[in-house]
Amino acid sequence: MENRKQTSRLDYIDALRGLAILFIVFGHIPMYCYHIGDTFTSCRSFTSLVQLPIFFFVSGFVLKIKNISNARGGGKFILNKFRQLIIPAIIIGSIYFIFHDGNFTQIIHDKFKGGYWFTFTLFELIIIQYIWDMLTEKIHIRNSNKTYYTVSFCLAVILYTLSLPTISAKLGDISLIIGVPMLRYYLYFFIGSMIRNNLDVIIQWNYRNQLTAIATLIFFVLFVMNQMSYKFEGILFHLNLIALEVSSLLVVFMVFYKYRLYFSSNHFIANTLTFLGKRTLDIYLVHYFFLPEDLSLFGDYFTTHPAMILEALFSGIITFSVIGCSLVSSELLRCNPTISKYLFGKK
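Conventions and cut-offs
- Residues numbered from 1 in each chain as written.
- Predicted model: local features only at pLDDT ≥ 70, side-chain atom pairs only at ≥ 80, totals over all residues.
- Heavy atoms only, no water.
- Helix = DSSP H or I, 4+ residues; strand = E, 2+ residues; numbered from the N terminus.
- Rg over C-alpha atoms; globule rule 2.2 N^0.38 Å.
- Buried < 20%, exposed > 50% of the residue type's maximum accessible area, 1.4 Å probe, protein only.
- Contact = heavy atoms within 4.5 Å.
- Areas by Shrake-Rupley, 256 points an atom, 1.4 Å probe, with all protein chains shown as cover.
- Lys, Arg positive; Asp, Glu negative; His and termini not counted.
- Charge placed at Lys NZ, Arg CZ, Asp CG, Glu CD.
- Phe/Tyr/Trp six-rings, centres within 6.5 Å; stacked < 30°, edge-to-face > 60°.
- Lys NZ or Arg CZ within 6 Å of the ring centre and 35° of its normal.
- Expected span 1.5 Å × (residues − 1).
- Arc of directions from axis to C-beta.
- Disulfide = S-S within 2.5 Å.
- Axes fitted to C-alpha atoms, helices over the stretch in contact; angles between N-to-C directions.
- Left-handed = near helix turned anticlockwise from the far one by under 90°.
- Nonpolar A, V, L, I, M, F, W, Y, C, P; charged D, E, K, R; others polar.
- Core = buried A, V, L, I, M, F, W, Y, C linked by side-chain atoms within 4.5 Å.
- Polar contact = N/O pair within 3.5 Å; in protein donor to acceptor, adjacent residues only side chain to side chain.
- pLDDT = per-residue confidence, 0-100.
- Parallel < 35°, antiparallel > 145°, perpendicular 65-115°, else oblique.
- Salt bridge = Lys/Arg side-chain N within 4 Å of Asp/Glu carboxyl O.

A closer look at the overall build of the protein chain
And step 1. Each helix and strand in the protein chain was counted, giving 17 helices and zero strands.
And step 2. Over its C-alpha trace the protein chain gives a radius of gyration of 20 Å, about what one expects of a compact globule, namely 20 Å for 347 residues.
And step 3. Overall, the C-alpha framework of the protein chain stretches about 60 × 55 × 50 Å when taken along its three principal axes.
And step 4. For the protein chain, the proportion of its 347 residues judged to be buried stands at 48%.
And step 5. Excluding contacts between residues fewer than 6 apart, the proportion of contacts in the protein chain whose partners are at least 24 apart in sequence is 79%.
And step 6. Looking at the protein chain as shown, the accessible area adds up to about 18500 Å², and 66% of this sits on carbon and sulfur atoms.
And step 7. Of the side chains in the protein chain, 29 bear a positive and 19 a negative charge, and the two mean positions are spaced by 13 Å.

Here's the deal with the packing of aromatic side chains
And step 1. Summed over all chains, the structure comprises 37 aromatic pairs.
And step 2. Directly above the ring of Tyr-257 sits Arg-260, whose terminal nitrogen or CZ lies 4.0 Å from the centroid.

Thoughts on helix H11 (residues 208–227)
And step 1. The end-to-end C-alpha distance of H11 is 28 Å, a good match for the 28 Å that 20 residues give at a rise of 1.5 Å each.
And step 2. Those residues of H11 lying buried are Ala-215, Phe-219 and Leu-222. Buried positions in H11, seen along its axis, are confined to an arc of 80° and lie on one side of it. The outward face of H11, more than 90 degrees from its buried face, is lined by the exposed residues Asn-209, Leu-217 and Phe-220.

A closer look at helix H6 (residues 145–163)
And step 1. Its 19 residues give H6 an end-to-end C-alpha distance of 27 Å, which sits within 8% of 27 Å, the value for a rise of 1.5 Å per residue.
And step 2. Among the residues making up H6, those that are buried are Tyr-148, Tyr-149, Ser-152, Leu-155, Ala-156, Leu-159, Tyr-160 and Ser-163. Down the axis of H6, the buried set is contained in an arc of 135°. They therefore lie on one face.
And step 3. Packing partners of the buried residues in H6 comprise helix H5 (117–138), helix H7 (165–168), helix H9 (186–197) and helix H12 (235–258).

Describing the state of the cysteines
And step 1. One pass over the full model with this rule turns up zero disulfides.
And step 2. The thiol of Cys-33 is not disulfide-bonded; the next cysteine sulfur, from Cys-325, is found 12 Å away.
And step 3. You can call Cys-33 buried: its relative accessible area is 0%.
And step 4. We classify Cys-325 as partly exposed; its relative accessible area is 37%.

Some words on the packing of H5 against H6
And step 1. Contact geometry for H5 and H6: axes closest at 12 Å, N-to-C directions at 145°. As for how H5 packs across H6, the hand of that crossing is right-handed. In this structure, H5 uses Ile-128, Gln-129, Trp-132, Asp-133 and Thr-136 to contact H6, whose residues at the interface are Tyr-148, Val-151, Ser-152, Leu-155 and Leu-159.
And step 2. When the residues that make up the contact of H5 with H6 are grouped by side-chain class, the tally is six nonpolar, three polar and one charged.

Brief notes about the nonpolar core
And step 1. By size, the foremost hydrophobic cluster in this structure holds 90 residues, and its most contacted members are Tyr-12, Phe-57, Tyr-186 and Phe-253.
And step 2. Apart from the residues within four sequence positions on either side, Phe-253 is in contact with Tyr-12, Ile-13, Leu-16, Phe-57, Phe-61, Ile-195 and Leu-199.

Some thoughts on the side chain of Ser-175
And step 1. On the secondary structure map, Ser-175 appears in helix H8 (residues 173–178).
And step 2. The class of Ser-175 is buried, set by a relative accessible area of 2%.
And step 3. A polar side-chain atom of Ser-175 sits 3.2 Å from the main-chain carbonyl oxygen of Ser-168.
And step 4. Excluding residues within four positions of it along the chain, Ser-175 makes contact with Ser-168, Val-180 and Pro-181.

Details of the confidence of the model for the protein chain
One rule of thumb: low pLDDT means the predicted coordinates there are not for detailed reading.
And step 1. Per-residue confidence for the protein chain averages 86 on the pLDDT scale, and 91% of its residues sit at or above 70.
And step 2. Per-element averaging of pLDDT across the protein chain places helix H4 (residues 104–108) at the bottom with 74 and helix H13 (residues 268–278) at the top with 95.

Focus on the side chain of Ser-163
And step 1. Positionally, Ser-163 belongs in helix H6.
And step 2. Since its relative accessible area comes to 6%, Ser-163 is described here as buried.
And step 3. Side-chain polar atoms of Ser-163 contact the backbone oxygen of Tyr-160, separated by 2.6 Å.
And step 4. Setting aside residues no more than four positions away along its own chain, Ser-163 makes contact with Ser-168, Val-180, Pro-181, Leu-183 and Arg-184.

What about the packing of H6 against H9?
And step 1. Axis separation between H6 and H9 bottoms out at 9 Å; the angle between their running directions is 160°. Looking at the two axes, H6 sits roughly antiparallel to H9. Taken as a pair, H6 and H9 cross one another with a handedness that is left-handed. Seen from H6, the contacting residues are Tyr-149, Ser-152, Phe-153, Leu-155, Ala-156 and Leu-159; seen from H9, they are Tyr-186, Leu-187, Phe-190, Met-194 and Asn-197.

Describing the environment of Ser-340
And step 1. In this fold, Ser-340 is placed in helix H17 (residues 337–344).
And step 2. Taking the C-alpha atoms as reference points, Ser-340 and Ser-330, ten residues apart in sequence, are found 8.5 Å from one another.

Points about the pattern of salt bridges
Working definition: two side chains of opposite charge can pair if their charged atoms are close together.
And step 1. Under the counting rule described, the total for this entry stands at five salt bridges.
And step 2. Between Arg-184 and Glu-245 there is a salt bridge; the shortest N-O distance is 3.0 Å. With Arg-184 in the loop between H8 and H9 and Glu-245 in helix H12, this pair connects stretches of sequence that are 61 residues apart.
And step 3. The partner of Asp-282 in a salt bridge is Arg-334, with the nearest N and O atoms 2.6 Å apart. In this pair, Asp-282 sits in helix H14 (residues 280–286) while Arg-334 sits in helix H16 (residues 308–334), placing the two residues 52 residues apart along the sequence.
And step 4. For Asp-282, a relative accessible area of 2% puts it in the buried group.
And step 5. Salt bridges linked by common partners bring Arg-9, Asp-14 and Arg-17 together as one network.

Below, the structure written as C-alpha cells:
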C-alpha cells in the first residue's frame with residue numbers, strides 16, 4: 001500500500017472531518033431542498049447524531065493554543081482565529097442573505113445565524129478554551145492532568161446546562177445573539193482535546209477494546225430504542241442524547257484510528273475524504289449557494305413513502321453535486337490571494 005508524503009497533518013483526522021462535511025451537506029438536503037424542516041428521515045437518523053459532534057471533536061483535537069501566558073501572543077492567536085472563522089462567515093453569509101432577501105436583524109437574533117452558526121460557535125469555544133487554559137495555568141492546575149480534566153469536565157457540564165432551552169430562554173434575546181444554545185458542543189470540543197493529549201496512554205490501555213465494545217453496545221441499544229419511537233423526557237432526554245452522540249462519536253473515531261494507515265494511502269476513498277477534510281471550511285461556507293431549492297415534490301414523496309435506500313441514493317447524488325460545485329468555485333476564488341484571504345481566511 002503506497003502512502004502519501006508525510007506532513008504534520010493527521011490524514012485520518014482529515015478523513016474524519018471529510019466524513020463530517022459529507023454528513024452536514026447531506027443533512028441540509030431535507031431542510032433546504034425538500035423543505036420538510038429538520039425532519040429526521042430514515043437515512044438521517046445516524047448522520048444527524050455524529051455530524052456536529054465530529055466537527056467539534058476534531059476542532060478540539062487539532063487545536064493548539066500557544067503563548068497562553070503572553071498577552072500579546074494570545075491576542076494575535078485570537079485575532080488570527082477571528083480572521084479565519086468570523087470574517088469569511090460574515091462576508092459570504094452577507095452575500096448569501098442579500099441574494100435570498102434575508103432579514104439581517106432576524107439573522108442576528110437567530111441562533112443558527114441563517115446557517116452560518118458553526119463558525120461563530122467554534123470561535124466562541126476557542127475563546128472559552130483559551131481563557132480557561134490561561135486561568136488554569138495561573139492557578140497551577142493545568143499541568144495536573146487529573147485535576148485539570150476534572151474541572152474541565154465540570155465546565156463542559158455547566159455550559160451544557162446553560163444551553164438547555166429552559167435555562168437559555170431565561171437570558172432573553174442575548175442568548176440567541178451570542179449562541180448560548182450552541183454551547184453544549186463544548187463537551188465534544190473538550191473530549192477531542194482530552195483524547196489528543198492522552199492518545200498514547202489510551203492506545204496502550206489494556207481495556208481499550210472493552211471500551212470500544214461498551215461504546216458500540218450503548219450506541220446500538222439507544223439507537224434501536226430511538227428508532228422504535230421510545231420517548232425520553234426531561235433530563236433523561238438530554239442524557240440519552242449525550243450518550244448517543246458520545247458513543248457514536250467514539251465508535252466512529254476508533255474505526256478511523258484503527259484504519260489510519262489506510263487514510264494515509266493513495267486509495268480513492270482515502271484521498272477523497274482527506275481532501276474534503278482539508279476543504280471543510282470552503283465547502284461549509286459556499287455550499288448553501290448550490291443547494292437546489294425546488295425539490296419539495298421529492299420531500300413529500302419520501303415523507304409519505306419512506307424508502308431508505310432510494311432516499312439515500314437520491315440525496316447522496318445531490319450531496320456530491322453540491323460539494324463538487326462548492327470545491328470548483330472555492331478553487332477559482334482561491335486563485336486571487338486577496339479574495340482567498342478574506343473569503344477563506346487563508347494566510
